[in-house]
Structure formats: structure tokens, C-alpha cells
Amino acid sequence: MEGVEDKLFLCALCPNMCRFSCPVEEVAGTETSSPQGKALTSLLLLRGELPWTEENARPPYLCLDCQACKLFCPFDFDLPSLFHPVRVKAASKIHPPEVHSRLLRMREKGNPFGEPREKRVVGKGEVAYLPGCTAEMKEREVLLSTLRLLEGAGVGAVLLEGYCCGLPSFRAGDEKRAEELRGEVEGVLRSLGVGILLLSCPGCLEFLSGLEGIEVFHTSTFFLKLVEEGKMGLPRLSGRVTYHDPCSLGRKRGIFDPPRKLLKELGLEVVEPLKTRERAVCCGGGNPLEEARGVSRKRAKELAETAELTVTTCPTCKWALGREGLRVLDLSQVLEGRLG
Ligand code: SF4
Ligand code: SF4
């Protein structure tokens, strides 16, 4: 904790040099939602110099884990990892009501939407496909397109339904539940003996990478590989689209080019939004706080002004931006020839 407190202390003394990059502060417009303000509140809570109240526990959660500020930080601080210990304490003490609902849903139903679902393992093959909660429960077309593309390319796949990687619990500060959920995914993969795990969700990619002996792919890189190996054919399309980089795929893992390459191979013109690639703005979809909804609205507007259709590579981005009225498709749907 000492290292974390030292870094939070330096950040609390900083003149907020990265503040212009924080999408939450841009929308909320308050000092406590700025990177430095969140760091100061987090530090005081950890030191016991600020009482644990619902209001005081809000700033550490006013972070989308997007890492946009890291690009501009002279100390290269990863603020989400510095807020994490505060969230762990808050999860067992006091936290904003939206976080409370998230924690309960994850504990009781094992997914961030709180809807009932059963675990199912469907099919046979050398690849395990985990769509993740949003593709399974809110954006099922992404799951279905992915399965059809795999079948068309002759890839035998086992579909894992009802499994959550655990990231929503981790981000809310519930490490125990996160580990349980991740452990369930690992357990089913080991029992199936598969060597490849395919994911639609960049958040799952962030949380499940590093499983020993299992190669983990996001659909964008996997499909590009299949095309380059001549195993997957592409339809011919024409038109103009823009591409939204999910934080967990782009900024955090450097996967910027594979989706763009596939879109261009399809024959599409890709127009970049004003803030793109490393500087792309978060969709806000992974955070349950009301302020995150404002971030979604703003990003959706920016994308709508760029092109009539947005393509992304994350079911949660698709869900969050589509909820704000944006015309948005997942890359898997476009690879099937859909443009609407
Ligand atoms: S993250 Fe870095 S640049 Fe931003 S306020 Fe903290 S120390 Fe300053
Ligand atoms: S990680 Fe993103 S949301 Fe969090 S403080 Fe940095 S820029 Fe703001």
C-alpha cells in the first residue's frame, strides 16, 4: 500500500497536467472528478483522513479505467491501478448506490445485468469461444455472427455460455468474486482441454490473458489470421464507416490495425474520428455510475458526426453507444456482409 500511497501523494500534488484527457471530468466538470481530485480523495480515504461516506467513496469510482491520462502523465502513473485498493476497501465498507447494485448482481447472478442465466457448454472443437456477458445477454447478434464466421471458416468451436470473466467484480473492488468467476472460466477450459480461447470482449481479453498453456485471441486478430491463412473469405462491400477503438483493445493492448485492415480488405473507406487510436475516448459502458452515461453520449455524438455507421470490436462499446442512438455494428457483423 505504501507504494500506492506515495504515487497518490505525488498525483495529489500535481497541477492536474492530464485533466484535459479525462472524459469523466470533461462531462462532470468537477474538481473531484479530475484525475488529481480523484487521487487526493483516494489518498485521504486510505490514510483515514477523510471519513468513509457514500459521497467521499464516489471519486475513486469516477474512473472508467480507460488509461487516457497515462499518455500525458510525466510519471507514467496508471491511475486505475492506484484507485483499485481504495475500491477494494470501499466494496466492503461504503460505496455509491450504482456500485452497490453492481456488486449484488455480480454476487447473486454472476453478470453485471443481474439477469438469470445458466452455464452451458455447446459444441465441440479445438477453440473455446467465450462471448462474454454483453454479447450473450444484450448484443446476441455479435455472438451469432461470430459462430457463423467460425463455422464458415471450418473452425470447430465450443461455445461457453453463462460464464463471466470476473472483470466487472474486480473493477467494483470485489476481488474475491472476481477470482471465483475467473476460476470458473479457467476450470471449464482445463476440463475441455482446449488450447485456444477466443473472445469477443476486450475486457475479457484484459482479464483472462496469461492463462498458462492457453493462447488467447480477440476476434479481430483471430479473424485477420484466418483471412491471411486463406481460411476465411470476405464479402465485397462499399461505403464509408468510422471505427471506435475500445480502450481495452487499443490503448491497453496496442491492437489498432487488425480491425482497420479487415475493414479496408472488405472494400470500406475508414474515416477516423477526431479522437482516435491511442487518444480514442472511452465509451463509458463498463462503469455503472451516471457520469459514465454522459461520456457515452458525448462519444456517440462525436462518432455520429464522423460517419453514418460506426464499427467497433467490443460488445460493451456497441451496447453503450447504441443506447445513445448511434448506428453501430460489431466487426463480426460487418465481416458477414452487414452494413445496417
Ligand atoms: S495522473 Fe499524472 S499527470 Fe495526471 S494528475 Fe496524476 S500525476 Fe498529474
Ligand atoms: S483512467 Fe480515464 S477515467 Fe480514469 S482518471 Fe484517467 S482519464 Fe480519467
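The structure we're discussing is the one just above.
These lines cover the structure that appears in this document, whether it is placed above or below.

About the thresholds
- Residues numbered from 1 in each chain as written.
- Chains lettered and ligands numbered in written order.
- Predicted model: local features only at pLDDT ≥ 70, side-chain atom pairs only at ≥ 80, totals over all residues.
- Heavy atoms only, no water.
- Axes fitted to C-alpha atoms, helices over the stretch in contact; angles between N-to-C directions.
- Helix = DSSP H or I, 4+ residues; strand = E, 2+ residues; numbered from the N terminus.
- Parallel < 35°, antiparallel > 145°, perpendicular 65-115°, else oblique.
- Left-handed = near helix turned anticlockwise from the far one by under 90°.
- Contact = heavy atoms within 4.5 Å.
- Phe/Tyr/Trp six-rings, centres within 6.5 Å; stacked < 30°, edge-to-face > 60°.
- Buried < 20%, exposed > 50% of the residue type's maximum accessible area, 1.4 Å probe, protein only.
- Lys NZ or Arg CZ within 6 Å of the ring centre and 35° of its normal.
- Pairing = 2+ DSSP bridges.
- Expected span 1.5 Å × (residues − 1).
- Arc of directions from axis to C-beta.

**Describing the packing of helix α11 (residues 219-228) against helix α12 (residues 257-265)**
Link 1 in the chain: In contact at an axis separation of 9 Å, α11 and α12 are set at 45 degrees when each is read in the N-to-C sense. Relative to α12, the element α11 is oriented oblique. Here α11 and α12 pass one another in a crossing that is left-handed. Between α11, through S220, T221, F223, L224, V227 and E228, and α12, the contact on the second element is made entirely by P258, P259, K261, L262 and E265.

**As for the packing of aromatic side chains**
Link 1 in the chain: Applying the stated rule across the entire model yields 5 aromatic pairs.
Link 2 in the chain: On the numbers, 5.4 Å between centres and 80 degrees between planes, the contact of F113 with W319 is edge-to-face. On the criterion of sequence distance, the pair formed by F113 in the loop between α5 (97-108) and β1 (120-122) and W319 in helix α14 (residues 315-322) is long-range, its members being 206 residues apart. A single burial state applies to F113 and to W319, both of which are buried.
Link 3 in the chain: The ring of F207 carries the charged tip of R182 above its face, separated from the ring centre by 4.3 Å.
Link 4 in the chain: Over the face of the ring belonging to W319 we find R323, whose NZ or CZ atom lies 4.3 Å from the ring centre.

**Quick look at unusual backbone geometry**
Link 1 in the chain: Even without glycine at this site, D65 takes up a positive phi of about 60 degrees.
Link 2 in the chain: Considering the arrangement of structural elements, one finds D65 in the loop between α3 (35-47) and α4 (79-92).
Link 3 in the chain: Looking at D65, the relative accessible area reads 10%, which means it is buried.
Link 4 in the chain: One non-glycine residue, D76, adopts positive backbone phi at about 60 degrees.

**Description of the sheet that holds strand β7 (residues 269-271)**
Link 1 in the chain: In spatial order, the strands read β7-β6-β8-β9; together these 4 strands make up an open sheet with parallel pairing. With one partner strand each, in any of the chains shown, β7 and β9 (328-330) form the two edges of the open sheet. Shown here is a sheet whose adjacent strand axes are inclined to one another by a mean of 40 degrees, direction ignored.
Link 2 in the chain: Inspection of the sheet shows strand β8 (residues 310-312) paired to β9 by 3 bridges, in the parallel sense. Opposite T310, over in β9, you have V328 as the bridge partner.
Link 3 in the chain: This element, α12, spans β6 (240-244), β7 and β8 of the sheet and lies at about 170 degrees to β6.

**Structural notes on the environment of L198**
Link 1 in the chain: Take L198: it is sitting in strand β4 (residues 196-199).
Link 2 in the chain: A C-alpha to C-alpha distance of 6.8 Å links L198 and V127, two positions 71 residues apart in sequence.
Link 3 in the chain: Excluding residues within four positions of it along the chain, L198 makes contact with V127, A128, Y129, L130, T146, L150, F217, H218, T219 and F222.

**Brief notes about the pairing of strand β5 (residues 215-218)**
Link 1 in the chain: In the sheet, β4 pairs with β5 via 4 bridges, with the strands oriented parallel. What sits directly across from L197, in β5, is V216.

**Describing the pairing of strand β2 (residues 127-130)**
Link 1 in the chain: The two faces of β2 match: V127 and Y129 on one face and A128 and L130 on the other face are all buried.
Link 2 in the chain: Inspection of the sheet shows β2 paired to strand β3 (residues 157-161) by 3 bridges, in the parallel sense. Its bridge partner lying in β3, V127 is registered against A157.
Link 3 in the chain: In this structure, β2 lies alongside β4, joined through 4 bridges in parallel fashion. Bridge pairing links A128 to L197 in β4.

**Focus: α5**
Link 1 in the chain: With 12 residues, α5 should cover 16 Å at 1.5 Å per step; its first-to-last C-alpha distance of 16 Å lies within 8% of that length.
Link 2 in the chain: Within α5 the residues assigned to the buried category are V99, R102, L103 and M106. One side of α5 holds all its buried residues, which, seen down the axis, span an arc of 100 degrees.

Nothing here speaks to function; it is geometry throughout.
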